[in-house]
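Structural features, examined
In case you want the letters, here they are:
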Amino acid sequence: MSARRRLPPTSYLRVFEPLRAYDDAAQLAIAAQRGIGRTEFEERSADEALERLTRGLPDPFPHEQAERYRELHYPGADGLTAPYYCPDQLPTRSILAAEQLDSSMRPALLELLVPEAAREANAARIGQEAFAEAVAALHTRTATWGIPLGWFVLLTEEDHCEIEEDGTTLLTVRLSAPAVQVLERARFAVASLAIHAPELDILDDLTSLGEWLGLFHEDAIVELDYGPIADRVWPDDSAQDLRLGIESLAEQDMLGAAAAYRRLTSRWLKVRQLARAN
(Lines give C-alpha, C1' and ligand atoms only; values in the text may rest on other atoms or scores of the structure.)
Protein backbone atom coordinates (compact mmCIF):
# COMPACT_ATOMS: atom_id res chain seq x y z
CA MET A 1 0.00 0.00 0.00
CA SER A 2 1.36 3.42 -0.94
CA ALA A 3 2.08 6.05 1.71
CA ARG A 4 -0.67 8.24 0.29
CA ARG A 5 -3.27 5.64 1.22
CA ARG A 6 -1.90 5.20 4.76
CA LEU A 7 -2.02 8.89 5.72
CA PRO A 8 -5.25 10.61 6.88
CA PRO A 9 -7.31 11.53 3.80
CA THR A 10 -6.55 15.17 3.07
CA SER A 11 -8.02 17.49 0.45
CA TYR A 12 -6.39 20.64 -0.91
CA LEU A 13 -7.40 23.91 -2.49
CA ARG A 14 -4.40 25.21 -4.43
CA VAL A 15 -3.53 28.25 -6.51
CA PHE A 16 -1.20 27.70 -9.47
CA GLU A 17 0.38 30.79 -11.01
CA PRO A 18 2.12 31.27 -14.38
CA LEU A 19 5.90 31.28 -14.40
CA ARG A 20 6.04 35.08 -14.86
CA ALA A 21 4.36 35.56 -11.46
CA TYR A 22 7.50 34.28 -9.68
CA ASP A 23 10.81 36.04 -9.03
CA ASP A 24 14.09 34.98 -10.63
CA ALA A 25 15.13 32.67 -7.78
CA ALA A 26 11.81 30.83 -7.86
CA GLN A 27 11.94 30.53 -11.65
CA LEU A 28 15.37 28.94 -11.43
CA ALA A 29 14.09 26.45 -8.83
CA ILE A 30 11.10 25.66 -11.04
CA ALA A 31 13.33 25.11 -14.08
CA ALA A 32 15.44 22.64 -12.09
CA GLN A 33 12.37 20.62 -11.14
CA ARG A 34 10.58 20.46 -14.47
CA GLY A 35 9.66 17.01 -15.64
CA ILE A 36 8.48 15.72 -12.26
CA GLY A 37 4.90 14.55 -12.82
CA ARG A 38 2.12 15.01 -10.28
CA THR A 39 1.90 11.31 -9.44
CA GLU A 40 5.61 11.15 -8.65
CA PHE A 41 5.46 14.44 -6.73
CA GLU A 42 2.54 13.34 -4.54
CA GLU A 43 4.03 9.90 -3.86
CA ARG A 44 7.33 11.43 -2.85
CA SER A 45 5.60 13.97 -0.58
CA ALA A 46 3.53 11.25 1.09
CA ASP A 47 6.58 9.02 1.63
CA GLU A 48 8.48 11.88 3.26
CA ALA A 49 5.51 12.78 5.47
CA LEU A 50 5.23 9.19 6.68
CA GLU A 51 8.96 9.09 7.39
CA ARG A 52 8.75 12.27 9.48
CA LEU A 53 5.82 10.89 11.47
CA THR A 54 7.47 7.54 12.18
CA ARG A 55 11.13 8.47 12.66
CA GLY A 56 12.70 7.90 16.06
CA LEU A 57 13.40 11.59 16.55
CA PRO A 58 10.23 13.12 18.10
CA ASP A 59 10.03 15.89 15.52
CA PRO A 60 7.54 15.67 12.62
CA PHE A 61 8.63 18.98 11.02
CA PRO A 62 10.64 19.13 7.77
CA HIS A 63 14.29 20.13 8.08
CA GLU A 64 16.44 22.04 5.57
CA GLN A 65 14.19 21.35 2.60
CA ALA A 66 14.39 23.48 -0.55
CA GLU A 67 11.11 24.81 -1.92
CA ARG A 68 9.38 22.52 -4.40
CA TYR A 69 6.70 23.34 -6.94
CA ARG A 70 3.77 21.34 -8.21
CA GLU A 71 3.16 21.73 -11.93
CA LEU A 72 -0.28 21.89 -13.53
CA HIS A 73 -0.91 21.85 -17.27
CA TYR A 74 -4.18 23.63 -17.96
CA PRO A 75 -5.80 23.64 -21.42
CA GLY A 76 -6.16 27.06 -23.00
CA ALA A 77 -8.70 28.40 -25.47
CA ASP A 78 -6.45 27.32 -28.36
CA GLY A 79 -6.50 23.72 -27.16
CA LEU A 80 -2.87 23.83 -26.06
CA THR A 81 -1.89 23.35 -22.42
CA ALA A 82 0.20 25.86 -20.49
CA PRO A 83 2.19 25.16 -17.31
CA TYR A 84 1.31 26.72 -13.96
CA TYR A 85 3.13 26.31 -10.66
CA CYS A 86 2.22 26.07 -6.98
CA PRO A 87 4.90 26.22 -4.24
CA ASP A 88 4.63 23.45 -1.67
CA GLN A 89 5.43 25.79 1.27
CA LEU A 90 5.73 22.72 3.50
CA PRO A 91 7.44 24.37 6.52
CA THR A 92 4.71 27.00 6.79
CA ARG A 93 1.90 24.51 6.32
CA SER A 94 3.46 22.23 8.94
CA ILE A 95 3.34 25.00 11.54
CA LEU A 96 -0.27 25.83 10.69
CA ALA A 97 -1.23 22.15 10.93
CA ALA A 98 0.41 21.87 14.35
CA GLU A 99 -1.45 24.97 15.54
CA GLN A 100 -4.76 23.47 14.42
CA LEU A 101 -4.11 20.42 16.59
CA ASP A 102 -4.17 22.61 19.71
CA SER A 103 -7.95 22.86 19.57
CA SER A 104 -8.65 19.28 18.51
CA MET A 105 -6.31 17.12 20.57
CA ARG A 106 -5.67 16.50 24.24
CA PRO A 107 -2.50 18.26 25.50
CA ALA A 108 -0.79 15.02 26.54
CA LEU A 109 -1.33 13.44 23.12
CA LEU A 110 -0.31 16.65 21.35
CA GLU A 111 2.95 16.75 23.30
CA LEU A 112 3.62 13.13 22.32
CA LEU A 113 3.04 13.72 18.61
CA VAL A 114 4.34 17.28 18.29
CA PRO A 115 6.59 18.07 21.28
CA GLU A 116 6.82 21.69 22.35
CA ALA A 117 10.61 21.55 21.93
CA ALA A 118 10.19 20.49 18.30
CA ARG A 119 7.68 23.27 17.67
CA GLU A 120 10.01 25.88 19.15
CA ALA A 121 13.00 24.58 17.18
CA ASN A 122 11.00 24.63 13.95
CA ALA A 123 9.78 28.18 14.58
CA ALA A 124 13.37 29.27 15.16
CA ARG A 125 14.51 27.65 11.90
CA ILE A 126 11.92 29.53 9.87
CA GLY A 127 11.88 32.86 11.69
CA GLN A 128 8.83 34.91 12.66
CA GLU A 129 9.13 37.44 9.83
CA ALA A 130 9.61 34.80 7.14
CA PHE A 131 6.68 32.82 8.55
CA ALA A 132 4.38 35.87 8.47
CA GLU A 133 5.32 36.58 4.85
CA ALA A 134 4.74 32.96 3.86
CA VAL A 135 1.31 32.85 5.53
CA ALA A 136 0.29 36.04 3.72
CA ALA A 137 1.10 34.39 0.38
CA LEU A 138 0.06 30.82 1.19
CA HIS A 139 -0.91 29.03 -2.03
CA THR A 140 -2.53 25.97 -0.42
CA ARG A 141 -5.46 25.43 1.93
CA THR A 142 -5.92 22.03 3.53
CA ALA A 143 -8.81 20.01 4.94
CA THR A 144 -8.68 16.56 6.56
CA TRP A 145 -11.53 14.05 6.42
CA GLY A 146 -13.74 16.21 4.24
CA ILE A 147 -14.02 19.24 1.98
CA PRO A 148 -15.30 22.63 3.22
CA LEU A 149 -18.62 23.58 1.60
CA GLY A 150 -17.24 26.85 0.29
CA TRP A 151 -14.79 25.02 -1.94
CA PHE A 152 -17.72 23.54 -3.87
CA VAL A 153 -18.81 27.04 -4.83
CA LEU A 154 -15.43 27.66 -6.45
CA LEU A 155 -15.04 24.46 -8.49
CA THR A 156 -17.79 22.46 -10.18
CA GLU A 157 -18.19 19.12 -11.89
CA GLU A 158 -18.10 20.87 -15.28
CA ASP A 159 -14.56 22.22 -14.79
CA HIS A 160 -11.38 20.62 -16.13
CA CYS A 161 -11.07 17.25 -14.39
CA GLU A 162 -8.14 14.89 -13.86
CA ILE A 163 -8.67 11.46 -12.30
CA GLU A 164 -5.79 9.46 -10.83
CA GLU A 165 -6.21 5.77 -10.08
CA ASP A 166 -4.09 2.97 -8.67
CA GLY A 167 -5.54 -0.28 -9.87
CA THR A 168 -9.10 -0.37 -8.57
CA THR A 169 -8.53 2.47 -6.08
CA LEU A 170 -9.33 6.10 -6.88
CA LEU A 171 -6.34 8.07 -5.55
CA THR A 172 -7.73 11.51 -6.25
CA VAL A 173 -9.85 13.72 -8.47
CA ARG A 174 -8.61 17.20 -9.35
CA LEU A 175 -10.89 19.96 -10.63
CA SER A 176 -9.38 23.20 -11.92
CA ALA A 177 -10.57 26.50 -13.39
CA PRO A 178 -9.20 30.00 -14.05
CA ALA A 179 -9.01 32.19 -10.93
CA VAL A 180 -11.03 34.94 -12.66
CA GLN A 181 -13.93 32.53 -13.15
CA VAL A 182 -13.57 31.10 -9.64
CA LEU A 183 -13.61 34.58 -8.09
CA GLU A 184 -16.73 35.47 -10.07
CA ARG A 185 -18.50 32.41 -8.64
CA ALA A 186 -17.43 33.29 -5.10
CA ARG A 187 -18.57 36.92 -5.40
CA PHE A 188 -21.92 35.94 -6.89
CA ALA A 189 -22.55 33.46 -4.08
CA VAL A 190 -21.50 36.02 -1.45
CA ALA A 191 -23.83 38.66 -2.90
CA SER A 192 -26.73 36.20 -3.00
CA LEU A 193 -26.20 34.86 0.52
CA ALA A 194 -25.64 38.33 1.99
CA ILE A 195 -29.15 39.24 0.86
CA HIS A 196 -31.04 36.02 1.44
CA ALA A 197 -29.16 34.12 4.18
CA PRO A 198 -26.68 36.42 5.97
CA GLU A 199 -26.67 34.19 9.06
CA LEU A 200 -25.02 31.21 7.33
CA ASP A 201 -21.39 30.44 8.23
CA ILE A 202 -20.55 29.72 4.60
CA LEU A 203 -20.94 33.44 3.85
CA ASP A 204 -17.92 34.31 6.00
CA ASP A 205 -15.99 31.38 4.53
CA LEU A 206 -16.65 32.52 0.96
CA THR A 207 -15.76 36.11 1.79
CA SER A 208 -12.45 34.92 3.20
CA LEU A 209 -11.82 32.73 0.16
CA GLY A 210 -12.52 35.64 -2.19
CA GLU A 211 -10.05 37.88 -0.34
CA TRP A 212 -7.44 35.11 -0.43
CA LEU A 213 -7.83 34.41 -4.14
CA GLY A 214 -7.57 38.11 -4.89
CA LEU A 215 -3.94 38.05 -3.72
CA PHE A 216 -2.71 36.04 -6.69
CA HIS A 217 -1.92 36.67 -10.34
CA GLU A 218 -4.97 37.37 -12.47
CA ASP A 219 -4.05 34.50 -14.80
CA ALA A 220 -3.76 31.95 -11.99
CA ILE A 221 -5.53 28.60 -11.99
CA VAL A 222 -7.38 27.28 -8.92
CA GLU A 223 -7.40 23.54 -8.23
CA LEU A 224 -9.51 21.44 -5.88
CA ASP A 225 -7.66 18.21 -5.12
CA TYR A 226 -10.00 15.71 -3.44
CA GLY A 227 -7.15 13.47 -2.32
CA PRO A 228 -7.99 9.93 -1.10
CA ILE A 229 -11.46 11.04 0.02
CA ALA A 230 -12.42 10.88 -3.67
CA ASP A 231 -12.56 7.09 -3.44
CA ARG A 232 -15.49 7.42 -1.04
CA VAL A 233 -17.54 10.20 -2.65
CA TRP A 234 -16.80 10.35 -6.38
CA PRO A 235 -18.84 10.82 -8.59
CA ASP A 236 -19.76 13.81 -6.45
CA ASP A 237 -22.75 16.12 -6.90
CA SER A 238 -21.85 18.35 -3.95
CA ALA A 239 -21.09 21.40 -6.10
CA GLN A 240 -24.41 21.03 -7.93
CA ASP A 241 -26.37 20.57 -4.68
CA LEU A 242 -24.74 23.61 -3.10
CA ARG A 243 -25.44 25.70 -6.18
CA LEU A 244 -29.09 24.58 -6.17
CA GLY A 245 -29.31 25.34 -2.47
CA ILE A 246 -28.06 28.90 -2.92
CA GLU A 247 -30.39 29.43 -5.89
CA SER A 248 -33.32 28.09 -3.85
CA LEU A 249 -32.56 30.51 -1.03
CA ALA A 250 -32.48 33.39 -3.53
CA GLU A 251 -35.91 32.30 -4.79
CA GLN A 252 -37.25 31.92 -1.23
CA ASP A 253 -37.73 28.21 -1.92
CA MET A 254 -37.02 26.85 1.55
CA LEU A 255 -38.10 23.32 0.63
CA GLY A 256 -35.68 23.22 -2.29
CA ALA A 257 -32.86 24.60 -0.13
CA ALA A 258 -33.57 22.05 2.60
CA ALA A 259 -33.61 19.18 0.08
CA ALA A 260 -30.24 20.25 -1.36
CA TYR A 261 -28.78 20.50 2.15
CA ARG A 262 -30.05 17.02 3.04
CA ARG A 263 -28.42 15.55 -0.06
CA LEU A 264 -25.15 17.25 0.86
CA THR A 265 -25.13 16.10 4.47
CA SER A 266 -26.17 12.53 3.70
CA ARG A 267 -23.43 12.23 1.06
CA TRP A 268 -20.72 13.25 3.54
CA LEU A 269 -22.20 11.48 6.60
CA LYS A 270 -20.18 8.30 6.04
CA VAL A 271 -17.00 10.37 5.75
CA ARG A 272 -17.71 12.15 9.07
CA GLN A 273 -18.39 8.80 10.71
CA LEU A 274 -15.02 7.48 9.52
CA ALA A 275 -13.35 10.65 10.83
CA ARG A 276 -14.85 10.12 14.29
CA ALA A 277 -13.81 6.45 14.23
CA ASN A 278 -10.22 7.56 13.60
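The structure we're discussing is the one just above.
Description of the structure in this document. (Residues numbered from 1 in each chain as written. Predicted model: local features only at pLDDT ≥ 70, side-chain atom pairs only at ≥ 80, totals over all residues. Heavy atoms only, no water.)

Here we come to the overall build of the protein chain. When helices and strands are tallied, the protein chain shows 13 helices and seven strands. Taken along its principal axes, the extent of the C-alpha atoms in the protein chain is 55 × 50 × 45 Å. Looking at the protein chain residue by residue over its 278 residues, the buried ones come to 45%. Counting only contacts in the protein chain whose residues sit at least 6 apart along the sequence, the fraction spanning at least 24 positions is 75%. Taken as a whole, the protein chain presents about 14800 Å² of accessible surface, with 54% of it coming from carbon and sulfur. For the protein chain, the distance from the average site of its 28 positive side-chain charges to the average site of its 46 negative ones is 6 Å. (Helix = DSSP H or I, 4+ residues; strand = E, 2+ residues; numbered from the N terminus. Buried < 20%, exposed > 50% of the residue type's maximum accessible area, 1.4 Å probe, protein only. Contact = heavy atoms within 4.5 Å. Areas by Shrake-Rupley, 256 points an atom, 1.4 Å probe, with all protein chains shown as cover. Lys, Arg positive; Asp, Glu negative; His and termini not counted. Charge placed at Lys NZ, Arg CZ, Asp CG, Glu CD.)

Our next topic: the nonpolar core. Within the largest apolar cluster, 42 residues are counted, with the highest numbers of intra-cluster contacts made by L13, L155 and Y226. Ignoring sequence-local partners within four residues, the contact set of L13 consists of H139, T140, R141, W151, L154, L155, L209, W212, V222, E223 and L224. The next biggest cluster of nonpolar side chains, apart from the first, holds six residues, and it includes F16, L72, Y74 and Y84. (Core = buried A, V, L, I, M, F, W, Y, C linked by side-chain atoms within 4.5 Å.)

This part covers the pairing of strand β3 (residues 81-87). Sheet analysis places strand β2 (residues 69-75) next to β3, joined by seven bridges and oriented antiparallel. From the neighbouring strand, L72 faces β3, where its bridge partner is Y84. Between the antiparallel neighbours β2 and β3 lie five residues, among them G79 with a positive phi of about 90 degrees. (Pairing = 2+ DSSP bridges.)

Tracing the sequence through the fold places L170 in strand β6 (residues 169-178). As a C-alpha pair, L170 and R68 span 102 residues in sequence and 25 Å in three-dimensional space. With near-sequence residues (within four places) excluded, L170 lies in contact with I163, E164, E165, P228, A230, D231 and W234.

The peptide bond linking W234 to P235 adopts the cis configuration, its omega dihedral lying at 0 degrees. Assignment of secondary structure puts P235 in the loop between α11 (230-233) and α12 (238-250). For Q89, which is not a glycine, the phi torsion comes out positive at approximately 50 degrees. Along the chain, Q89 turns up in the loop between β3 and α4 (90-101). Positive phi values are uncommon outside glycine, yet W145 reaches one of about 55 degrees.

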